[in-house]
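Structural characterization, general
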Amino acid sequence: MANETNNSSDKELVGLLAQFDDPTSLLAACNNAREAGYTKMDAYTPFPVHGIDPALGIKRSFLPFIVLAVALGAVVLGLGMQFYTNGGGIGDWSTDEAAIFPGYRFMISGKPYFSLPANIPVTFEVIVLSSAFATFFGMWIINRLPRLSNPLHRVSRFKRVTNDKFFLMLEAKDDKFDASDSEAHLNQWGAVAIEEVNQDLTDTKLPSWMAPAALIGALLLLIPPVAIFSVYGSTNRKPRLHVVPDMDWQHKFKTQVLSPNIAEKDDPVYLFENRRAMRQPVEGSVRFGSLEDDSEMFRGIKKEFSGQAATVGLKSNVLASTAVQEEENPDQWITGFPEGFKVNEDTLARGKQRFEIYCSVCHGYAGNGDGLVNQRAIALAANGKASWTAAKSLHDPTVTDSVKNPTGRIYDTITNGRNTMGPYRDQIPVEDRWAIVAYVKALQATGITAPGAEATESEAEEAGEPEADESAEPAAETTEPEAEASEADDADTE
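Because the structure is a prediction, the values reported are computed rather than measured. (Residues numbered from 1 in each chain as written. Predicted model: local features only at pLDDT ≥ 70, side-chain atom pairs only at ≥ 80, totals over all residues. Heavy atoms only, no water.)

1. Remarks on the overall build of the protein chain
Short version of the rule: Segments assigned H or I by DSSP are reported as helices when at least four residues long, segments assigned E as strands when at least two residues long, and all are numbered from the N terminus. Type-normalised accessible area, obtained with a 1.4 Å probe on protein chains alone, sets the label of each residue: buried when under 20%, exposed when over 50%, and partly exposed for intermediate values. Contact criterion: two residues are considered in contact whenever any of their non-hydrogen atoms come within 4.5 Å of each other. A 1.4 Å probe and the Shrake-Rupley method give the accessible areas. Residues count as covered only by the protein chains that appear here.
Secondary structure assignment for the protein chain yields 17 helices and seven strands. When each of the 494 residues of the protein chain is scored for burial, the buried share is 32%. Counting only contacts in the protein chain whose residues sit at least 6 apart along the sequence, the fraction spanning at least 24 positions is 69%. Carbon and sulfur atoms make up 57% of the accessible area of the protein chain, which amounts to about 32000 Å² in all.

As structure tokens, this is what we get:
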């Protein structure tokens, strides 16, 4: 006999709830109920049970068709909205002539007011948004949601449905349903417990305050659209409201713009003499946390020469780099490595990795000056399609000369560039630059001789040909070893 959980004349029987101990018995009961002719029933399990839908006779949901219909409508809505707002027209009539909410024709580079490819992205977004709403609210409607109460929540044993129990509900609305016969069927199908589920009819009215509160809320929601519509088409001579004035009026000059004019338009006087709004840092200023006071570590210059090399610091850009080269003192460069840098297996490995990333494209992986970029540029230059200064081999005697090219000067070349080679200080951190220097010295220690280098130089000397001026031929691309090549040229000139 089924237990009665709600014994009162104010209750309405909703159905019979049968409990099962495992999903197998529940699945068998669902199949038996379907074969017995029950059509209005539902199963509740703590986890998804494969095969439960066909066992219950659940048909495929028609929700996808609802979403498809809404999506097709969104296509019409999206394209139509853009057609109307962009002032699209049919024949001699266009929407910008509409009396209410006319469209607005906005000519952009002579493009048509309505173009299907240009309007596809907006249409797509409308489809996605509409489909999402259709899915969400369609699911609510199909499942008759929201339900503020459910009679199953009044059955105490049903709480275990989220833990370890399985339930089958035979609804009283089913034509096949008969309380006594259905109970006998459930017992026959292996139910361990059966309870009547009743709907409480004594508490179906809404609280008295809810209706007026809903009405007031609806009226409040109408205020913003009514206020906006009330000023539609009107002109207001008052300044608009600035919620965040600091954002609207910022004291700034944008980059890459002309300096502000502080005089008449016909006779301008610019605030900054060079007519640029962008300003260089004040000379001698140092970014917080970037005080590079170790001249050997950060400049490759001996401490006793650090004062003379002050111009290298913040002004060591491309222009300043050239000036420093002209005034450099050959005795200022350190010949070893700074105290803060240790040469070991790890730093050499790091230097090799950085060298192969930044340097090998021109100078080759072995430093022979045969990088792929260098080869390609030379080929183009031979056909008159490029101007290129070939990268020298790092094993060239004029480059490996430690007197003319001490470690400090190699570091400075990587940092600030030299001749046709550009600076790499922004791409390569200080420690990595020294690691590259260490790896270059290790490569040179291998004793490899640049193929044909000696023969070429001796032939040039015998022919009395002047050395090429690398600075006269800007390279298509530059890398560190070019600095050493330049140094060699400088040394030869000296």
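2. Some remarks on the pattern of salt bridges
This is how the line gets drawn: Think of a salt bridge as a Lys or Arg side-chain nitrogen and an Asp or Glu carboxyl oxygen that are within 4 Å of each other.
In the structure shown here, the tally under the stated rule is eight salt bridges. In this structure, the salt-bridge partner of D200 is K11, at a minimum N-O distance of 3.2 Å. Taken together, the positions of D200 in strand β7 (residues 193–200) and K11 in strand β2 (residues 11–20) put the pair 189 residues apart, joining distant regions of the chain. Linking E195 and R157 is a salt bridge whose minimum nitrogen-to-oxygen distance equals 2.7 Å. Of this pair, E195 sits in strand β7 while R157 is found in the loop between α4 (116–142) and β6 (166–171), placing the two residues 38 residues apart along the sequence. With a relative accessible area of 26%, R157 lands in the partly exposed category. Connected via shared salt-bridge partners are K11, R154 and D200.

3. Examining unusual backbone geometry
The omega angle of the peptide bond from L145 to P146 is -5 degrees, so this bond is cis rather than trans. Looking at where P146 falls in the secondary structure, it is placed in the loop between α4 and β6. At R144, a residue that is not glycine, the phi angle is positive and equals roughly 55 degrees. Considering the arrangement of structural elements, one finds R144 in the loop between α4 and β6. Located in the positive-phi region is Q256, a residue other than glycine, with phi close to 60 degrees. Looking at the element boundaries, Q256 is found in the loop between α7 (245–248) and α8 (295–299). Using a relative accessible area of 70% as the deciding quantity, one classes Q256 as exposed.

4. Focus: the environment of G78
In this fold, G78 is placed in helix α3 (residues 63–85). In contact with G78, not counting residues within four places along its chain, are T123 and V126.

5. So, the pairing of β6
Put simply, side chains in a regular strand alternate between the two faces of the sheet. How we decide: DSSP-based pairing: two strands are paired if at least 2 bridges between them are found.
The buried fraction of β6 amounts to five of the six residues, a majority that puts the element mostly inside the structure. In this structure, β2 lies alongside β6, joined through six bridges in antiparallel fashion. Bridging from a neighbouring strand, F20 pairs with F166 of β6. Sheet topology note: the strand β3 (residues 41–44)/β6 ladder contains four bridges and is antiparallel. Looking across to β6, one finds that Y44 is bridged to F167.

6. Regarding helix α1 (residues 23–36)
Condition: Multiply 1.5 Å by the residue count of a helix minus one, and that product is the helix's expected span. Note: the arc covers the axis-to-C-beta directions of the helix. Counting of polar contacts relies on pairs of N or O atoms within 3.5 Å, with two restrictions inside protein: one atom must be capable of donating a hydrogen and the other of accepting it, and residues adjacent in sequence are counted only when both atoms are side-chain atoms.
Its 14 residues give α1 an end-to-end C-alpha distance of 20 Å, which sits within 8% of 20 Å, the value for a rise of 1.5 Å per residue. Buried residues of α1: S25, L26, A29, C30 and A33, and no others. Buried residues along α1 cover an arc of 140 degrees about the axis, so they all sit on one side. Across α1 from its buried face, at more than 90 degrees, point the exposed residues T24 and E35. In this structure, the buried residues of α1 make contact with β2, β3, α2 (52–56) and β6. Measuring from the side-chain oxygen of the N-cap residue of α1 to the backbone nitrogen of T24 gives 3.1 Å; that N-cap residue is D22.

7. Points about the packing of aromatic side chains
For the record, the criterion: Put simply, two rings from Phe, Tyr or Trp (the six-membered ring, in Trp's case) pair if the centres are within 6.5 Å, and we call them stacked under 30 degrees between planes, edge-to-face over 60, tilted for the rest.
Using the criterion set out here, one finds 20 aromatic pairs in the structure. Seen in terms of ring centroids, F136 and W140 are 5.3 Å apart; in terms of plane orientation they differ by 45 degrees. Their pairing is tilted. Of this pair, F136 and W140 both sit in helix α4, four residues apart, which is roughly one turn of the helix. Between F341 and W434 the ring centres are 6.5 Å apart and the planes differ by 35 degrees, which places this aromatic pair in the tilted class. A residue pair is termed long-range when its members are at least 10 positions apart, and F341 in the loop between α9 (318–327) and α10 (345–358) and W434 in helix α15 (residues 430–445) qualify at 93 residues.

8. Here we look at the state of the cysteines
Operational definition: Disulfides are defined as pairs of cysteine sulfur atoms found within 2.5 Å of each other.
Taken as a whole, this structure holds zero disulfides when the rule is applied. Left unpaired, C359 is separated from the closest cysteine sulfur, that of C362, by 9.3 Å. The exposure class of C359 is buried, given its relative accessible area of 0%.

9. Thoughts on the side chain of N119
Mapping N119 onto the fold places it in helix α4. Looking at N119, its side chain comes within polar contact range of the main-chain oxygen of S115, at 2.9 Å. With residues up to four places along the chain from it excluded, the contact list for N119 reads L79, Q82, N86 and F114.

10. Concerning the confidence of the model for the protein chain
Note the threshold: pLDDT expresses how confident the predictor is about each individual residue, on a scale running from 0 to 100.
When pLDDT is averaged along the protein chain, the result is 82, and 84% of the positions lie at 70 or above. When the criterion is pLDDT under 50, residues 309–324 qualifies, and its contacts beyond four places in sequence or with other chains add up to 23 contacts. Counted against residues more than four places away or in other chains, residues 453–494, with its pLDDT under 50, gives 94 contacts.

11. Describing a nonpolar patch on the surface
Applicable threshold: Without a salt bridge and with relative accessible area above 30%, a residue can belong to a patch; like charges are then joined within 9 Å and nonpolar side chains (Val, Leu, Ile, Met, Phe, Trp, Tyr) within 5 Å.
Taken together, L129, F133, F136, F137, M139 and L145 make up a surface patch of nonpolar side chains, about 550 Å² in accessible area. Relative to the elements of secondary structure, F133 occurs in helix α4. According to the relative accessible area criterion, F133 is partly exposed, its value standing at 47%.

12. Focus: the packing of α3 against α4
This is how the line gets drawn: Each axis is a line fitted through C-alpha atoms, and for a helix only the stretch in contact is used; angles between axes span 0 to 180 degrees, taken between their N-to-C directions. Put simply, a crossing is left-handed when the front helix is turned counterclockwise from the back one by less than a right angle, and right-handed when it is turned clockwise.
One can describe the packing of α3 onto α4 by two numbers: an axis separation of 7 Å at closest approach and a directional angle of 145 degrees. Considering how the two elements wind past one another, α3 and α4 form a crossing that is right-handed.

13. A word on the pairing of β2
Bridge count between β2 and β7: eight bridges; the pairing is antiparallel. Bridge pairing in β7 places A18 opposite I194.

14. Things to note about α10
The end-to-end C-alpha distance of α10 is 20 Å, a good match for the 20 Å that 14 residues give at a rise of 1.5 Å each. Within α10 the residues assigned to the buried category are T347, G351, R354, F355 and Y358. Looking straight down α10, one finds its buried side chains confined to an arc of 105 degrees; they lie on one side. Opposite the buried face of α10, by more than 90 degrees, sit the exposed residues E345 and D346. Taking the backbone nitrogen of D346 as reference, a side-chain oxygen 3.1 Å away marks N344 as the first, capping residue of α10.

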